[in-house]
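The chain contents come next:
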Amino acid sequence: MTREQASPGAAADGAAKPRAANQMPRMPDLRLAPPALGAWLAAIVALYLSGAGGAVLAGGAALLAGVGWLVTRRRGDGDRSRTAAVMLGLLIGVVCGAASTAAHAALRDAEPLASLARERAVIRAQITVSEDPRRARGDGSPSRLWLIRARLDRFRAAATDEPATRVNVRVLILSEHPRWRGLLPGQRARVSGRLGPPRGGDLRAATLVAPDPPRTIGRPPLEQRAAGVLRDGLQRAVEPLPDDAGGLLPGLAIGDVSRMDPTVEEDFRATGMTHLTAVSGSNVAIVVGAVLLLTAWCRAGPRTAATLSLVALAGFVILVRPQPSVLRAALMGGLALVALASGRPRAAVPGLCVTVWLLVVLDPELATDLGFALSVLATGGLLLLAPGWRDALRSRGVPRGVAEALAVPIAAQVACAPVIAAMTGTVSLTAIPANLLATPAVAPATMTGAAAAALSTLWPGGAEFIAWLGGWPARWLVTVARWGAGAPGGTADWPGGVWGGLALAAALAVLVVLSQSAKVRRLIAVTAVAMTVGAVGARTAGPGWPPPGWVVVACDVGQGDALAVRVGESQAIVVDAGPTPAAVDRCLRDLGITAIPLLVISHFHVDHTAGLAGVTRRRRVAAIAGPPFHDRSPTSAAVRRAAGATPWLEPRPGWRYRAGDVRVTALGPDTVLTGTRSDANNNSLVLRIEAPGMTALLSGDAEVERQQALLPGGAALRADVLKVPHHGSSYQDPEFLAAVDPAVALVSVGAGNPYGHPNPSLTRRLRRDGARVYRTDLVGDIAVSWTSDGLAVTRHGPTRRLR
């Protein structure tokens, strides 16, 4: 078997011929991979240990490394020696990662701050903002709470007059005061607040709840002010665009997802496209790649190309903010291109390994950062997998551009799939086709977004025009993500967590190795196609969704409530909105709902209201109904603000509403209950639904006190279908359940919720009394239909095992 020597000109012109069939592929230089991997894994473990624990880990690894080095010296060359060298490199990495993390952890856990955090003491402090403030999600006040990563420079307990203690540790500040919103990274400020213990697994020494505004000191650094002006300019430029495309374009270009629509974000997550909305090596590669193409067109030499690439890289880093995660992306994304321009393409893989090792040692917290993991894996996939797959396609006659377009997104997706599976507990079957379809739009969106930002201060009108151009590829990406998320059988369940991710990584590694054989490759392709078609066919040809004649659907929205009552073609009354916009939007989209004559909010808890934006997304809501009393909670205010000019109704007992053949009657609350275990739950709207063939009782989160207050209504409580109150909690009145006497009981509850919902004794009682009990955490969306044979129940979604 012979090797073909490429001429220097072939390497320089960037148009190398496809590798001959009998030519051995050049193996990448992976000698520095074990130290990088060892440092990464050791940092992950040591972050959960004390400083002393990390030091013990580093010492143990150093001892083993020393023994391994002695053994390697005594034995000769060969496979054993190479294996020992790999293990030695891994152990050296563990020593570096564990030692660095131990040093950082010792500062994190140092006194007196650690004791004050455990005691939740009030302090006065001076801080330096590290990153842009961002809104909390999934919190009780999602539109008001700000999360600010900062460095604590000095502090003293508010109860003492002792001199301030100088420190250099990380803290997370939580505040609802709007003045925190405008702070830029690098801004110093004085703040007062109450300390709290950290969550663990990172380098934050404490949390700090700050109810008051910050008192700024001086001005932020010049580069941060410049970046802030450009970022604000891009946000102004995209304001005329639709919300979905306008919120996505800044995320694609500079990683600013502050205005990104939650439903679009969920669609991107479901289709494995989340890497597009975080500043990563791909963003850097697009910007630097454009410079390299320009220099190649101008026939500039490798050194000139590399120099101009670094200048463009520095400007892009300033635009997206020079924080650690962005610097990491810049280093990784620029490595391959700069190495290529300087005539040393094989240096990219060792350069990636050195970068990972260096960044983890300097900042061990990056080891548990999702963006870091996705960036490293995507870059590794592009360097290790994509070239071989590209050459294999070209050897079969596929044009170079098409081969690149196919190999790059597939390699990135295969490399990132284990981390995404570990995070979401699913494997997207549409991820590869979605990323293939998305690839042509990524570069135009990134370049136009960056150009609009750069032009925004000099020519705002021109920036708006460029942003309008960038809006078209952004619209395409939104459409692709929406298609991928809504495709039947688009995702498959997979074990989540670390073990699930490792299992998928092992499976993919085996497939990649076996695919070197042509016969095995064909077998894998046929099997994959058959499994995908079978999965899609099973979900589309299995029980149809929505089933014919459906009347009530309990949406699987996690730990919360969202129900739809069909009143006509593509129309439904929606009761509650669930905890997230994406989940309820997905459910209503699957049902084909485009118009909502009435939206009911049973009470103002976020697990019933936070998904409001998903209900109203691309749907017309004619009226909104809420509890008939004044609620001063922030959630109530947020819902009423979101309602805007939509008519607001406050049903009282006896109130009636009709849409199509469906009649709605309010049974409660007749009075406002106070002093109960949960007044908000007990003052939920309770509705009786009468539809052809069935009746249903939608009881919100009513607990024992409200249920007992409803009992005098006796006959009105009887219903075929019961939405079990309060997610099936233990706060149920047996006489109330007996009065309803349902044939079907729907429990809207989240998988693995910390509340123990639903209560096992309650579900046993319902079954004992003759009800069929269905839980959204186990079977997904649940539809109750009226058929000629009576009530029929159809499940839609993954079936989960009860643990």
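Everything discussed here concerns the structure shown above.
Thresholds applied
Residues numbered from 1 in each chain as written. Predicted model: local features only at pLDDT ≥ 70, side-chain atom pairs only at ≥ 80, totals over all residues. Heavy atoms only, no water. Axes fitted to C-alpha atoms, helices over the stretch in contact; angles between N-to-C directions. Helix = DSSP H or I, 4+ residues; strand = E, 2+ residues; numbered from the N terminus. Parallel < 35°, antiparallel > 145°, perpendicular 65-115°, else oblique. Contact = heavy atoms within 4.5 Å. Nonpolar A, V, L, I, M, F, W, Y, C, P; charged D, E, K, R; others polar. Patch = residues over 30% accessible without salt bridge, like charges linked within 9 Å, V, L, I, M, F, W, Y side chains within 5 Å. Areas by Shrake-Rupley, 256 points an atom, 1.4 Å probe, with all protein chains shown as cover. Salt bridge = Lys/Arg side-chain N within 4 Å of Asp/Glu carboxyl O. Lys, Arg positive; Asp, Glu negative; His and termini not counted. Charge placed at Lys NZ, Arg CZ, Asp CG, Glu CD. Buried < 20%, exposed > 50% of the residue type's maximum accessible area, 1.4 Å probe, protein only. Polar contact = N/O pair within 3.5 Å; in protein donor to acceptor, adjacent residues only side chain to side chain. Phe/Tyr/Trp six-rings, centres within 6.5 Å; stacked < 30°, edge-to-face > 60°. Lys NZ or Arg CZ within 6 Å of the ring centre and 35° of its normal. Pairing = 2+ DSSP bridges. Core = buried A, V, L, I, M, F, W, Y, C linked by side-chain atoms within 4.5 Å. Disulfide = S-S within 2.5 Å.

Participant: I would appreciate a short explanation of the packing of helix H8 (residues 262–270) against helix H20 (residues 581–591) in the present structure.
Facilitator: How two helices pack is summed up by the angle between their axes together with the distance between the axes. Running from N to C, H8 and H20 cross one another at 80 degrees; their axes reach a closest spacing of 8 Å. Viewed along their axes, H8 and H20 adopt a mutual orientation that is roughly perpendicular. Contact with H8, carried on its side by Pro262, Thr263, Glu266 and Asp267, involves Pro581, Ala582, Asp585 and Arg589 of H20 and no other residues of that element. In terms of residue class, the contact of H8 with H20 is made up of three nonpolar, one polar and four charged.

Participant: Sorry, what's going on with a positive patch on the surface here?
Facilitator: On the surface, a cluster of positive charge is contributed by Arg124, Arg188, Arg190 and Arg215. Tracing the sequence through the fold places Arg190 in strand S5 (residues 188–196). What makes Arg190 partly exposed here is its relative accessible area of 42%.

Participant: What exactly am I supposed to notice about the side chain of Asp607 here?
Facilitator: With respect to the helices and strands, the residue Asp607 is situated in helix H21 (residues 606–609). Although Asp607 is buried, it forms no salt bridge, and the closest oppositely charged side chain is Lys723 at an N-O distance of 8.5 Å. A polar side-chain atom of Asp607 sits 3.0 Å from a polar atom in the side chain of His727. In this view, Asp607 contacts Gln559, Gly560, Asp561, Gly578, Pro579, Asp701 and His727; residues no more than four positions away in its chain are not counted.

Participant: Mind showing me how you'd approach a nonpolar patch on the surface here?
Facilitator: A contiguous nonpolar patch, built from Phe465, Trp468, Leu469 and Trp472 and spanning about 430 Å² of accessible area, is present on the exposed surface. Along the chain, Trp472 falls in helix H17 (residues 460–486).

Participant: In this structure, what is going on with the environment of Leu313? I would like to understand it.
Facilitator: Assignment of secondary structure puts Leu313 in helix H10 (residues 302–320). A relative accessible area of 12% means that Leu313 is categorised as buried. Between the C-alpha atom of Leu313 and that of Val287, which follows or precedes it by 26 residues, the distance is 7.4 Å.

Participant: Sorry, what's going on with the packing of aromatic side chains here?
Facilitator: Centre distance and the angle of the planes are the two values used to describe a pair of aromatic rings. The final tally for this structure, using the stated rule, is four aromatic pairs. An angle of 15 degrees between the planes, with centres 6.4 Å apart, marks the rings of Phe604 and Trp648 as stacked. Placement of the pair is Phe604 in the loop between strand S14 (599–600) and H21 and Trp648 in strand S17 (residues 648–649), with a sequence separation of 44 residues. Judged by relative accessible area, which is 22%, Trp648 ranks as partly exposed. Taken together, the ring pairs connect Phe465, Trp468 and Trp472 into an aromatic cluster. The cationic tip of Arg475 hangs over the ring face of Trp472; the distance from NZ or CZ to the ring centre is 4.4 Å.

Participant: Any chance you could explain the sheet that holds strand S24 (residues 772–775) here in plain terms?
Facilitator: Each strand in a sheet pairs with its neighbour through backbone hydrogen bonds, running either in the same direction (parallel) or in the opposite one (antiparallel). Read across the open sheet, the seven strands follow the order S18-S19-S20-S21-S22-S23-S24; overall the sheet is mixed. Each edge of the sheet is formed by a strand with only one pairing partner; in this case those strands are strand S18 (656–659) and S24. Looking at each pair of strands side by side, their axes are set apart by 20 degrees on average, direction ignored. Here strand S20 (residues 686–691) pairs with strand S21 (residues 694–698) via five bridges, running antiparallel. Within the sheet, the bridge partner assigned to Leu687 lies in S21 and is Leu698.

Participant: Explanation requested: the pattern of salt bridges in the structure shown.
Facilitator: Charged atoms that come close allow side chains of opposite charge to pair. Using the criterion set out here, one finds 26 salt bridges in the structure. A salt bridge links Asp153 to Arg151, with the nearest nitrogen and oxygen atoms 2.7 Å apart. Arg151 sits in the partly exposed class, given a relative accessible area of 33%. What you see here is one network of salt bridges that share partners, running through Asp267, Asp585, Arg589, Arg618 and Arg619.

Participant: It is not clear to me how the nonpolar core should be interpreted in this structure. Could you clarify?
Facilitator: Most often, soluble globular proteins keep nonpolar side chains buried together rather than apart. If you look at the biggest cluster of nonpolar residues, it comprises 44 residues, and the most contacted ones within it are Leu248, Leu252, Phe268, Met273, Leu276 and Leu477. Contributions of two or more residues to this core are made by helix H6 (222–237), helix H7 (243–254), H8, helix H9 (281–297), H10, helix H16 (431–455) and H17. In this structure, Leu248 is in contact with Met260, Phe268, Thr277, Ala474, Leu477 and Val478, ignoring residues within four places of it in sequence. One finds Val551, Val600, Leu685 and Val779 within the second-largest nonpolar core, a separate group that totals 32 residues.

Participant: Help me understand the state of the cysteines, please; the structure alone is not making it clear to me.
Facilitator: In protein structure, a disulfide is the covalent linkage between the sulfur atoms of two cysteines. Counted under the stated rule, the structure contains one disulfide. Across a sulfur-sulfur distance of 2.1 Å, Cys555 and Cys587 are joined as a disulfide pair. Measuring the twist about the S-S bond at about -70 degrees, one finds the Cys555-Cys587 disulfide to be left-handed. In this pair, Cys555 sits in the loop between strand S10 (550–554) and strand S11 (563–568) while Cys587 sits in helix H20, placing the two residues 32 residues apart along the sequence. According to the relative accessible area criterion, Cys555 is buried, its value standing at 1%. What makes Cys587 buried here is its relative accessible area of 0%.

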